[in-house]
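Here is what each chain is made of, one letter per residue.
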Amino acid sequence: MAEKLTLKDIAKKPDLLMPGHRLCAGCAAGTIVRLALKATRGPVILANATGCLEVATTIFPYSSWKVPWIHNAFENVAATASGIEAAFRAMKKANKGPLAKYEHIDVIAFAGDGGTYDIGFQALSGAFERGHDFLYILYDNEAYMNTGIQRSGGTPRCAWTTTSPAGKVIPGKREWKKPIARIAAEHEIPYVATASIAYPMDFVRKVRKGLEVEGPAFIHVLSPCTRGWRYPPEKTIKIAKLAVETCFFPLWEAEFKEGDIVYTLSSPSERIARKPELKKPIEEYLKLQGRFSHLFRPKKRDDLISEIQRWVDYEWKMILKRCGKL
Amino acid sequence: MQRNALLKLLKWLKISGVCKMEIKQILMGLNGDEAVAYAIKQVDPDVVAAYPITPQTIIVERFSEYVADGEVHTEFISVESEHSALSACVGAAAAGARAFTATAANGLALMWEILYIAASCRLPIVMAIVNRALSGPINIHPDHSDAMGARDSGWIQIFCENSQEAYDSTIQAWRIAEHPDVQLPVMVCLDGFVLGHTLENVMTLPDEVVKKFIGERKFVTVRNHFGKEVPFILDPENPITIGPLDLYDFYFEHKMQQIHAMENAPRVIEEVGKEYGKISGRTYGLVHPYKLEDAEIAIIGLGSTMGTAKIVVDRLREKGIKVGLLRIRSFRPFPAQQIIEHLKDKKVIGVLDRAASFGAYGGPLFNEVRNAFYDQDVKPLISNYIYGLGGRDMPPQRLMIIFEDLQKIMETKRIEKTVKYIGVRE
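Conventions we followed
Residues numbered from 1 in each chain as written. Chains lettered and ligands numbered in written order. Predicted model: local features only at pLDDT ≥ 70, side-chain atom pairs only at ≥ 80, totals over all residues. Helix = DSSP H or I, 4+ residues; strand = E, 2+ residues; numbered from the N terminus. Rg over C-alpha atoms; globule rule 2.2 N^0.38 Å. Contact = placed C-beta atoms within 7 Å. Axes fitted to C-alpha atoms, helices over the stretch in contact; angles between N-to-C directions. Parallel < 35°, antiparallel > 145°, perpendicular 65-115°, else oblique. Left-handed = near helix turned anticlockwise from the far one by under 90°. Nonpolar A, V, L, I, M, F, W, Y, C, P; charged D, E, K, R; others polar. Pairing = 2+ DSSP bridges. Buried ≥ 20, exposed ≤ 12 C-beta atoms within 10 Å, placed from the backbone.

(A) Molecular detail of the overall build of chain A. A count of helices and strands for chain A gives 13 helices and ten strands. Over its C-alpha atoms chain A spans a radius of gyration of 19 Å, differing by no more than 12% from the 20 Å that the globule rule assigns to 326 residues. Across its three principal axes, chain A shows a C-alpha extent of roughly 65 × 50 × 40 Å. Taking the intrachain contacts of chain A between residues at least 6 apart in sequence as the baseline, contacts between residues at least 24 apart amount to 68%.

Given below as structure tokens:
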């Protein structure tokens, strides 16, 4: 494995996603992509599922991508990346074809929560099982934001969306968030991690690690969405950070080695594990976001807030256990 | 010295074409699926992505054996669905690979969305369709409902009469798909079971002849978003963006380019079919006439049934009845002009459809054929026969019923019922 990436390294590396794209002000997706591409090792090919990132970075005849990029459809980015990776392998094997000249190519798939948790899950699971050597980055804005904020398998409980409205009877989404990263890890693929743009070096290093392993890697990044989560654009990083500090979105890595899935807490979460008093109450995270406003107005719903807190605690405990901290 | 001089002379004769070297073909006993798999083995594509059921055929099983035995360099991706099979082919072909897949019936239906994307991305993927009935009710036997549903997806569709043609077309398909004036994916369609699972004699070309015929994949160039003319491929040295958002300001123009590509396809299909004839002795075109010259009655149709129909034509000819047939090899692009040329002076035409188009005025082929004749001042009477759904057999006797009906139409100069269903209990 190469030397640990430093801030200096990534500062020197030019951006591969160019300005001029039409992502919303305050959107985390652009930051996620720019940071991720800082970790690439050389030649890169990207595949992108249908979603915000795809529509906002390309509109014919414009493109923000400085690297080869393909969008196929919504649910098949993992299969598309499988094809790219297999094509490269075949060309290397035969030592002919246009990609045979490259020593290696970093194949990265970007997809949102809809394209990963829901409609794209089958293709993703299949690609993991087959062991294709590519990195899948899930930027999770917790709903179908591109089409106007509809709930997905990644939407947290009680969040308002246009298909899980906060009504008189039902207070937003009724289900919990699917534990997608843990499900990915259970595929026994070489590398799975969760990451946050509030901790950029941690994220970039994880991307590098995901690219370096042989076989599939999966990184789940929380992607706060100013439009869908209903908060002012300047609060994106703050909210991303609170998600980690409240343990709503703990940061960890899972490596499959020697017949075991080895979970490790990443330092921002590790700190909390060491000093539990650092763990902030979930209310701090919820109250900043308009999608949870019905938990605070017209009447504060302590029952629901504590229910969410309980879920966060359970999930955190589960991760601590897996990381050998309990 | 003398021997050297002789060799030199032989070489000169060979190069100059004075003495044409005969290509030695090998006769093999193959069913249609195996014929396709064998052709693909000789093509040795970079990537084959396929799903084994819903339903698949022997094609990928045979091909897997070639992979397992190291006879090809192909990366075989055992995907988890047909949707992913074609999706992976899109990724692979965009990365510059030759990509192949095969499917049938519901598997093709599951690919639906990606059929259009593969065509609009102008990716020269080749896919064998072993034509089978679509569910429901669930059925695995031959009809054309699968391919007919995909007729507007932007793929070239070649329908084969026998396993020999399945082999030959699977080789030609690459040349058609990758032609710079075409750059479209190609479906090679062969009837399930009747061809797919039936052993036939197939003449096969030597590997090196096939390899030479298809050559290396060449790339068209496009101007990328940096204003640079670059090959149309995902190459880190020359980045391009494939599959961008494309709204009302350019989508229509891109559809026009697809339309033009399809307009170029007939010429290319014929050129490739002729060139293939030179190396194999088997020439292919858009349509294949049989005993049509002086025919008064003709049937027109697709696939293996037209092979059976030739026997029926022969029998009727023996009786002195002037019948013939026109087999449509290329359904997309639809060879309207060629059909008119071949059939305009016939008195009666029977169009055979092995697919139902519910609520439509006749089957899909019938609609196209009759439409083609609309502007002709003198045109034949055209009647439609829908047959063989879900694998209902089409023996010579049933074809005879059609010819008898056409004879009656010729005599009475009247079509009492435009659309008839053959071999069904009512």
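(B) Representation of the overall build of chain B. Scanning chain B from terminus to terminus reveals 14 helices and 18 strands. The C-alpha atoms of chain B give a radius of gyration of 23 Å, which matches the 22 Å a tight globule of 426 residues would have. Overall, chain B is about 70 × 70 × 45 Å in size when its C-alpha atoms are taken along their principal axes. In chain B, the share of contacts with a sequence separation of at least 24, taken over all contacts with a separation of at least 6, comes to 77%.

(C) Molecular detail of the environment of Glu 270 of chain A. Mapped onto the secondary structure, Glu 270 of chain A falls in helix 11 (residues 267–274). As a C-alpha pair, Glu 270 of chain A and Leu 251 of chain A span 19 residues in sequence and 8.3 Å in three-dimensional space.

(D) Expanded view of the packing of helix 8 (residues 163–178) of chain B against helix 10 (residues 251–280) of chain B. Residue and element names in this part refer to chain B. Taken N-terminus to C-terminus, the directions of helix 8 and helix 10 make an angle of 130 degrees; their axes are 10 Å apart at the nearest point. By the angle class used here, helix 8 and helix 10 are oblique. Seen along the crossing, helix 8 lies across helix 10 with a hand that is right-handed. Together, Asp 168, Gln 172, Arg 175 and Ile 176 of helix 8 and Ala 265, Val 268, Ile 269, Val 272, Gly 273, Tyr 276 and Ser 280 of helix 10 make up the contact between the two elements.

(E) Structural detail: the interface of chain B and chain A. At the junction of the two partners, chain B supplies 43 residues and chain A supplies 45 residues. For the side of chain B that touches chain A, the secondary-structure elements that each account for two or more residues are strand 2 (47–50), strand 3 (75–78), helix 4 (82–94), helix 6 (112–120) and strand 11 (241–242) of chain B. Residue contributions to the side of chain B that touches chain A peak at nine residues, all from helix 4 of chain B. Within the side of chain B that touches chain A, the residues separate by chemical class into 25 nonpolar, twelve polar and six charged. Both strand 4 (residues 69–71) of chain A and strand 11 of chain B contribute to a ladder of two bridges, which runs parallel. Directly across from Trp 69 of chain A, in strand 11 of chain B, lies its bridge partner Thr 241 of chain B.

(F) Just the sheet that holds strand 5 (residues 126–131) of chain B, in detail. Residue and element names in this part refer to chain B. One open sheet holds the seven strands; their spatial order is 3-2-4-5-7-6-15, and the pairing between them is mixed. Whereas interior strands pair on both sides, the edge strands pair on one side only; in this sheet they are strand 3 and strand 15 (330–332). Put simply, the sheet's adjacent strands are angled 20 degrees from each other on average, direction ignored. Sheet analysis places strand 2 next to strand 4 (residues 99–103), joined by two bridges and oriented parallel. Directly across from Val 47, in strand 4, lies its bridge partner Ala 99. On top of the sheet, helix 4 reaches strand 2, strand 3 and strand 4; it is set at about 165 degrees to strand 4, its chief contact.

(G) Fine view of the sheet that holds strand 14 (residues 323–328) of chain B. Residues and elements named next belong to chain B. Here six strands make up an open sheet; going across it, the order is 12-14-13-16-17-18 and the pairing mixed. Only two strands of the sheet have a single neighbouring strand rather than two, namely strand 12 (287–290) and strand 18 (419–422). On average, each strand axis in the sheet is inclined to that of its neighbour by 25 degrees, with strand direction left out of account. Bridge count for strand 13 (residues 297–301) against strand 14 is five bridges, and the pairing is parallel. From the neighbouring strand, Ile 297 faces strand 14, where its bridge partner is Val 323. Contacts from helix 12 (residues 336–343) reach strand 12, strand 13, strand 14 and strand 16 (348–353) within the one sheet, and its direction differs from that of strand 12 by about 10 degrees. Its contacts with the sheet place helix 13 (residues 364–373) against strand 13, strand 16 and strand 17 (381–387), and it is angled at close to 150 degrees to strand 16.

(H) Region of interest: the environment of His 83 of chain B. Here His 83 of chain B shows up in helix 4. The class of His 83 of chain B is buried, set by 23 C-beta atoms lying within 10 Å. For the pair His 83 of chain B and Leu 205 of chain B, spaced 122 residues apart in the sequence, the C-alpha separation amounts to 33 Å. Each residue touching His 83 of chain B, except ones within four places of it in the same chain, is listed here: Asn 76 of chain A together with Leu 110, Met 111 and Ile 114 of chain B.

Functional significance is not addressed by these values, which are geometric in nature.
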